Amino acid sequence: MSSSEFPIAIFHNPACGTSRNALAMIQAAGYEPAVVEYLEAGWTREQLVHLLSEMQAAPRDVLREKGTPAAELGLLDPGVSDDALLAAMVEHPILVNRPIVVTPKGVKLCRPSEVVLDLLDRVPETFTKEDGEVVRPAGG
């Protein structure tokens, strides 16, 4: 199946093992996704709003705390508005958790990485993650 028949995009951080595993699972299933290294590309407010809408999620649902300036910026306070979170995410792309995967079957934050399998039309029979864990998809 060509990329145009089942387009996939992954908002990817190559320094993240979960993101690398999700990308590798997509590729093991025979797909070549569009890889967006969002730390370099950045985000737009409109892009984030669209992805969150497709995921039926709020900005706080994808706010990454670990290894980010979220605490220093005061973003962990539950009273911080969605608008303030979105503005911070545009200014500091690392605040968005990863990987976010977009396919014709939907949009999801793929944590753990095997969540990506729910978004694919075909899956690998088995997949071994970087840490040695073997994933055996139900449909694989």
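Sequence positions are assigned chain by chain, starting from 1 and proceeding in written order. Reporting in this predicted model follows two pLDDT cut-offs: at least 70 for local features of residues, and 80 or more for side-chain atom pairs to be given and counted; totals over whole chains, interfaces and linings ignore these cut-offs and use all residues. Side-chain metrics rest on all non-hydrogen atoms present in the structure, leaving aside hydrogens and water.

Engineer: What am I meant to see in helix H1 (residues 17–28) here?
Structural biologist: In an α-helix, one full turn covers 3.6 residues, which means residues spaced three or four apart are oriented alike. Only DSSP runs of H or I with at least four residues qualify as helices, and only runs of E with at least two residues qualify as strands; both kinds are numbered from the N terminus onward. Working rule for helices: expected span equals 1.5 Å times residues minus one. Here H1 contains 12 residues, and its C-alpha end-to-end distance of 16 Å stays within 8% of the 16 Å for a straight helix at 1.5 Å per residue. All of the buried residues in H1 are Ser19, Asn21, Ala22, Leu23, Met25 and Ile26. Of the residues flanking the end of H1, it is Gly30, one or two places downstream, whose phi is positive at about 95°. Buried, partly exposed and exposed residues are distinguished by accessible area as a fraction of the type maximum, computed with a 1.4 Å probe on protein chains only: under 20%, between the cut-offs, and over 50%, respectively.

Engineer: Can you help me understand the pairing of strand E3 (residues 100–103) in this one?
Structural biologist: Along any regular strand the residues' side chains alternate between the sheet's two faces. Strand pairing follows a simple DSSP-based rule, namely that at least 2 bridges must link the two strands. As judged from the 3 bridges shared by strand E1 (residues 9–12) and E3, these two strands associate in the antiparallel manner. Following the sheet pairing, Phe11 is matched in E3 by Ile100. Bridge analysis of E3 against strand E4 (residues 106–109) gives 4 bridges, and the strand direction is antiparallel. Each residue of the ladder has a partner; that of Val102, found in E4, is Val107. Hairpin connection of E3 to E4: 2 residues between the antiparallel strands.

Engineer: Mind showing me how you'd approach the sheet that holds E4 here?
Structural biologist: Strand pairing in a sheet relies on backbone hydrogen bonds. The paired strands run either parallel or antiparallel. Read from one edge of the open sheet, 4 strands run E2-E1-E3-E4, paired in mixed fashion. Of all strands in the sheet, those bounded by a partner on one side alone are strand E2 (34–37) and E4. Neighbour to neighbour, the strand axes of the sheet diverge by 15° on average, direction disregarded. Lying on the sheet, H1 is in contact with E1, E2 and E3; it crosses E1 at an angle near 160°. Geometry is summarised by axes, namely lines fitted to C-alpha atoms with helices restricted to the contacting stretch, and by angles between N-to-C directions that run from 0 to 180 degrees. Note on definitions: a residue-residue contact is assigned when non-hydrogen atoms from the two residues lie within 4.5 Å.

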